[in-house]
Amino acid sequence: MKHRQPLPIPKFATGVAALLTMLVAPNLAFAKTKDEPKWMEVHTAHFSVITDAGEKRGREVALRMEQMRAIFGQLLLKDKLKMPVPVTVIALKSDKRYGTVAPAKQSMAGGFYVPGSDRVYIVLNLFETDPWRAVAHPLAHYLLNYNYPPAQGWFDEGLAEYFGSIQIGKQVEIGGDPELAPEWHEDIFDELRRDPNVPQSLTQLVSSPVWLSMVDLFTMKHDGSGTREGTHNTLYYAQSWMVVHYLLNKNKLPEAGTYFDLVLNQKVPVEKAMVQAFDMSPAQMEDAVKTYLKSLSGLGIALDQSKKPIADPVDTQQPDHFALPFDVDEIGMAVTSVNEEEARAVIDDVMARVPEHRDQALHDLQQLTADPKDNEAAHRALARDDLRQRRFDAAADELEKATELNPRDPWIWYYRAALKYQKAQATRQEMQGLANMMQDLRAGSGLVSGVSRRL
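Scoring rules and cut-offs
- Residues numbered from 1 in each chain as written.
- Predicted model: local features only at pLDDT ≥ 70, side-chain atom pairs only at ≥ 80, totals over all residues.
- Heavy atoms only, no water.
- Helix = DSSP H or I, 4+ residues; strand = E, 2+ residues; numbered from the N terminus.
- Pairing = 2+ DSSP bridges.
- Axes fitted to C-alpha atoms, helices over the stretch in contact; angles between N-to-C directions.
- Buried < 20%, exposed > 50% of the residue type's maximum accessible area, 1.4 Å probe, protein only.
- Polar contact = N/O pair within 3.5 Å; in protein donor to acceptor, adjacent residues only side chain to side chain.
- Contact = heavy atoms within 4.5 Å.

A. Structural detail: unusual backbone geometry. Its identity as a non-glycine residue notwithstanding, Asn251 has a phi of 55°, on the positive side. Along the polypeptide, Asn251 turns up in the loop between α8 (235-249) and α9 (253-265). Of note, Asp279 is a non-glycine position whose phi angle comes to about 55°, a positive value. For Asp279, the position within the fold is in the loop between α10 (270-278) and α11 (282-295).

Written as structure tokens, this is what we have:
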């Protein structure tokens, strides 16, 4: 089977007056105070976690991210997973601070995910319980894009939804309804109020007597890369979730691989490929999935609980349980301190990738570069935005200033490579100095693995 291609590169990605300024400034969260928490970075083999919540909390976040990665590998029956685009996790301890960074539609969530061809950012709100669950769905798409051959949209979304229910404690619990939300909430007066706008959960949707036919589900056009996510509360997502639920628990993932080879590579019609791969007709497979759904009684119990006027969190009734892949003592971590200005630049880099925060973030980054201390990370972030806007001379200028501050930073060499590549594409000229560029990248960092796939 053909390998799934990496995501495409974007075309680059004192007094009353003073008090009012502080209140309206979007970057209030980064103002210095006497008790400003120290920032630190926790490195593991596959993630970098920048946090203001202390070393213990930072290590916990790093552990959870590594565990989630390993668990996803188990679902795919893979011992090793490729992660060619680096993932940086920013874990914020303050709910207010998180609110200044997050997009409006995700300001109440436990976290959000910002994709990119250069790096992926995950921002977590540590004020929430198990915030990493909020990014399980997009993380699943990321891992699928680099570790599973091309598949149809229903498989990608179904697996991402299944993974989105993950809970990690003394063991791994998974398989519950990831879109199940309680209908009753406590208001500011601690009174329970029913929200009539809670969308239908996946369990509600698949409990309907009307389903898409299996052939229609399997042939429906859908971008499964995870870059264009809409609402998940649809029959398409619900049915995809339950079909993948069935395939995983009936150990039919190898048959699914055979099916995708038949359909996508050998161009066998869907109905015929289903018979060959699963030894079932589409109608028989639909009956098998519906029978499997009826066996998951916990889903119905959780749905009933979500409709009751209770203040306690809804028990999602996870049907699948297994042991943790490892614990904190079994993985390596390195902890380094991060100064406040660098942390601020990194977070502004995230905000510059969120359209509604971009203008303010660029303004803040320019202020950081004007500070007497200067700021290499801020120059890098500005260069990245210039690249995205195809302002090549401005990007080169920012990278030159960053190099003067820290010539050993491998990210600078990454963006230099991206600058040469994109400029050559835009001018339709031969790339100059490619051999030297690759040598610099190899000397600088393993980031070359991500860059070389794009040159």
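B. The arrangement of the sheet that holds strand β1 (residues 39-43) in detail. Spatially, β4-β5-β3-β2-β1-β11 is the arrangement adopted by the six strands of the open sheet, whose pairing is mixed. Across the chains shown, the open sheet's two edge strands, defined by having one partner strand only, are β4 (111-114) and β11 (334-338). Strand-to-strand twist in this sheet, taken as the mean axis angle between neighbours without regard to direction, amounts to 20°. As judged from the five bridges shared by β1 and β11, these two strands associate in the antiparallel manner. Within β11, the residue paired with His43 across the bridge is Ala334.

C. Representation of the side chain of Asp409 in the model. Structurally, the position occupied by Asp409 is in the loop between α16 (392-405) and α17 (410-427). Classification of Asp409 as buried rests on a relative accessible area of 8%. Of note is the side chain of Asp409, whose polar atom sits 3.0 Å from the backbone nitrogen of Trp411. Excluding anything up to four places from it in sequence, Asp409 contacts Glu376 and Arg380.

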